[in-house]
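# Survey of secondary and tertiary structure
Here is what each chain is made of, one letter per residue.
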Amino acid sequence: MNKQTIRDIDLKGKRVLVRVDFNVPIEGGVITDDTRITAAIPTLRAILEQKPKSVVLMSHLGRPKEGQPDPQYSMKPVAAELSKLIGKPVEFESDPLSDAAVEKASKLDNGAILVLENTRFFAGETKNDTGLAEKFAKYGDVFVNDAFGSAHRAHSSTEGVARYLPAVAGLLMEKELNFLSNAVDNPKRPLVAILGGAKVSDKIKVIEALLSKADKVLIGGGMANTFFKAQGHKVGKSLVEDAALDTAKSLLEKGVGKLILPIDGVIADDFKNDAKTQVVSTAADIPDGWQILDIGPKTIEAFRAALSDAKTVVWNGPMGVFEMPNFAKGTNAVAEILAELTGKGVVTVIGGGDSAAAVQQAGLAEKITHISTGGGASLELLEGQALPGVVALKDK
Ligand code: AMP
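### Digging into unusual backbone geometry
- Backbone torsion omega between Arg-189 and Pro-190 reads 0 degrees, so that peptide bond is classified as cis.
- Along the polypeptide, Pro-190 turns up in the loop between helix H5 (171-185) and strand S9 (191-195).
- Backbone geometry places Asn-110, a non-glycine residue, at a positive phi of 55 degrees.
- With respect to the helices and strands, Asn-110 occurs in the loop between helix H3 (99-106) and strand S6 (112-116).
- Given the relative accessible area of 69%, Asn-110 is considered exposed.
- The backbone phi angle of Asn-128 is positive, close to 55 degrees, even though this residue is not glycine.

Have a look at this one:
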C-alpha cells in the first residue's frame, strides 16, 4: 500500500480522530453482530500503545434521514459495546457539533476514548460538506481512517475531514487494501473469481475487470439467468435483467474460455422456501411459471473442479437465494470448498456483503484467509477504482 499508516506517524500526546466503520446491525438498542467493532480493536490498541492524549471515534450507523437525529440509530449502545470489548471506559458525546462538546473533548487525557454521535445525524455528511468536515476536524490533531467499508464514499467524515488534518490509514484499512489489491493485481495464479448475486448490471464493471485479471470467472446466482437468456434459452419466471442482455452477450464473447456458467439449477414453482422444486439442466429451457433459485449439484461439482488448481480465489455474491434454507445449498457448498482450499494454502478472499454473511452463518469464517468488512468498497476496489477515502490519505 502506498499510503501512510498509524505506524508512519508519531501519535504521542496527540488528539487522534479516528473514522471507524461501526455500522453494526442494531435491534431495539441491542447490537446483533459486533464483527465491525471487533475488527477495529487492533487499530485502537495500536493507537493507544503510542500514548496519545485522546482517541475520538466517529462512524455512521444505519440510514437515518440525514440531518435528523433518530434514536434507533444512536451510537450510544456502540460506545458501551466498545467499552466491553476493549476493557476501558468509553465516553459518548451526543452533541458533537456544539462548542461545549469540543471544549470538553479537549480536556480528555491519557488516551481517554470518546465516541461521537452518528455522523449521519448531521446535515451535509453525505454531501461531503466542508463546514461539517471542519467541525469534525476540531476533535483531532491527526486523522486516522480505518473505515474501509465507507472508503468508497466521499463524505465529510471520510474524505472531507482528511483535508484539514494529517491523515493516515488504520490497520484494518491497510489489511483490507493489501488483501483485496494483492488478490487481483498481484495474485498467486491461477486466480479464480466467483461472482453471484442478483443483478448483472450491478457487477458489470467487476465482471469486466475480473475477466481481464483472473484466469477463470465462475458465475452463479440470479445474474447467471441473464446470461442464459442471452444465450437464447427460455428462463421461465427466473429473475432476468432484460436491459442487460446485450451486455451479457458481449461479456460472453469476451469471456470465451474463461467465463464459466452453471450447467444445472434448482428450479421452484414459487419464490418461497417450501415451493415445489426440481433440478434441471440449464441447457434445457426452464418451464413456464418456474424459476431458478440455486445452482444445482452438477454445477457445484463443476465449480469444485474449476477451483481445484486455484492458488487465489476471490468471491462476491451468493449462488442462490441463500436466505431460504432450501436454496442455500449452492452458496454453502462454495463456502465449504473455499474453506477446504484455504486449508491447503490457497489465498481465499471474500468481498463482504451476502457471501461474507453466508460464510459466517456456515461457521466457516475462521477458515477463510480474508473476509472484507466492506461489500460496496471491496467491489469498487475489485473494479480497479480508486476509493476517495483512501486517495485523501498521506502518500508514503
Ligand atoms: P447482490 O446484492 O447483487 O449480491 O444480490 C444478493 C441477492 O441475490 C440475495 O438477496 C439473493 O437472494 C439474491 N439471489 C441470488 N440468486 C438468486 C436467484 N437465482 N434468483 C433471485 N434472487 C437471487
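### Observations concerning helix H4 (residues 130-137)
- If you check which residues of H4 are buried, you get Leu-132, Ala-133, Phe-136 and Ala-137. Seen from one end, H4 has its buried residues packed into an arc of 145 degrees, which puts them on one side.
- The elements touched by buried residues of H4 are strand S1 (15-19) and strand S4 (54-58).

### As for the nonpolar core
- Tyr-139, Ile-207, Val-217, Ile-219 and Phe-227 are the most contacted members of the largest nonpolar core, which totals 68 residues.
- If you tally residues by element for this core, the top one is helix H6 (residues 200-213), at 6 residues.
- For this core, the two domains that each supply at least three residues are domain 1 (6-172) and domain 2 (187-383).
- Sequence-distant contacts of Ile-207, defined by excluding residues within four places in its chain, comprise Leu-195, Val-200, Ile-219, Met-223, Phe-227, Leu-251 and Leu-259.

### Here we look at the site of the ligand
- Neighbouring the ligand are 14 residues; Ala-198, Lys-203, Gly-222, Ile-292 and Glu-323 lie closest to it.
- One nitrogen or oxygen atom from the side chain of Lys-203 is found 2.9 Å from an oxygen atom belonging to the ligand.
- Side-chain polar atom of Glu-323 to an oxygen atom of the ligand: 2.5 Å apart, as the coordinates give it.
- In isolation the ligand offers 500 Å² of accessible surface; the protein chains occlude 79% of this area.

### A few points about the packing of aromatic side chains
- In the structure shown here, the tally under the stated rule is 1 aromatic pair.
- Residues Phe-122 and Phe-136 carry aromatic rings whose centres are separated by 6.3 Å and whose planes lie at 70 degrees to one another, so their mutual orientation is edge-to-face. Placement of Phe-122 in the loop between S6 and H4 and of Phe-136 in helix H4 is noted, with a sequence separation of 14 residues between them.
- Classification of Phe-122 as buried rests on a relative accessible area of 10%.
- When its relative accessible area of 1% is taken as the criterion, Phe-136 is described as buried.

### A few points about the pattern of salt bridges
- Taken as a whole and judged by the stated rule, the model has 16 salt bridges.
- The partner of Lys-3 in a salt bridge is Asp-395, and the shortest N-O contact between them spans 2.7 Å. Note that Lys-3 is positioned in the segment before S1 and Asp-395 in the segment after helix H13 (388-391), a separation of 392 residues in sequence.
- Taken together, the shared-partner salt bridges connect Glu-301, Arg-304 and Glu-340 into one network.

### A few points about the sheet that holds strand S7 (residues 142-145)
- If you trace the 6 strands from one edge of the open sheet to the other, you get S5-S6-S4-S1-S7-S8, paired in parallel fashion. The two strands at the open ends of the sheet, each matched to only one other strand, are strand S5 (90-93) and strand S8 (167-169). Direction aside, the axes of adjacent strands within the sheet are offset by 25 degrees on average.
- Here 3 bridges tie S7 to S8, and the two strands are oriented parallel to one another. Looking at the pairing, Phe-143 lines up with Ala-167 of S8.

### Brief notes about the sheet that holds strand S17 (residues 370-371)
- Spatially, the 6 strands line up as an open sheet ordered S11-S10-S9-S15-S16-S17, and their pairing is parallel. Unpaired on one side and paired on the other, strand S11 (259-260) and S17 mark the two borders of the sheet.
- In terms of strand pairing, S9 meets strand S10 (residues 216-219) through 4 bridges, oriented parallel. Residue pairing in the sheet places Val-192 in a bridge with Lys-216 of S10.
- Sheet strands in contact with helix H9 (residues 297-307) are S9, S10, S11 and strand S15 (312-316), and its direction is about 160 degrees off that of S10.

### Here's the deal with helix H2 (residues 76-86)
- Within H2, burial applies to Val-78, Ala-79, Glu-81, Leu-82 and Ile-86. Seen from one end, H2 has its buried residues packed into an arc of 165 degrees, which puts them on one side. Exposed and oriented more than 90 degrees from the buried face of H2 are Lys-76 and Lys-84.
- As for H2, its buried residues are in contact with strand S2 (26-27), strand S3 (30-31), helix H1 (35-49), S4, S5 and S6.
- Positive phi appears at Gly-87, one or two residues downstream of H2, with a value of about 70 degrees.

About the cut-offs
- Residues numbered from 1 in each chain as written.
- Predicted model: local features only at pLDDT ≥ 70, side-chain atom pairs only at ≥ 80, totals over all residues.
- Heavy atoms only, no water.
- Helix = DSSP H or I, 4+ residues; strand = E, 2+ residues; numbered from the N terminus.
- Buried < 20%, exposed > 50% of the residue type's maximum accessible area, 1.4 Å probe, protein only.
- Arc of directions from axis to C-beta.
- Contact = heavy atoms within 4.5 Å.
- Core = buried A, V, L, I, M, F, W, Y, C linked by side-chain atoms within 4.5 Å.
- Domains from an automatic or database assignment.
- Near = heavy atom within 4 Å.
- Polar contact = N/O pair within 3.5 Å; in protein donor to acceptor, adjacent residues only side chain to side chain.
- Areas by Shrake-Rupley, 256 points an atom, 1.4 Å probe, with all protein chains shown as cover.
- Phe/Tyr/Trp six-rings, centres within 6.5 Å; stacked < 30°, edge-to-face > 60°.
- Salt bridge = Lys/Arg side-chain N within 4 Å of Asp/Glu carboxyl O.
- Pairing = 2+ DSSP bridges.
- Axes fitted to C-alpha atoms, helices over the stretch in contact; angles between N-to-C directions.

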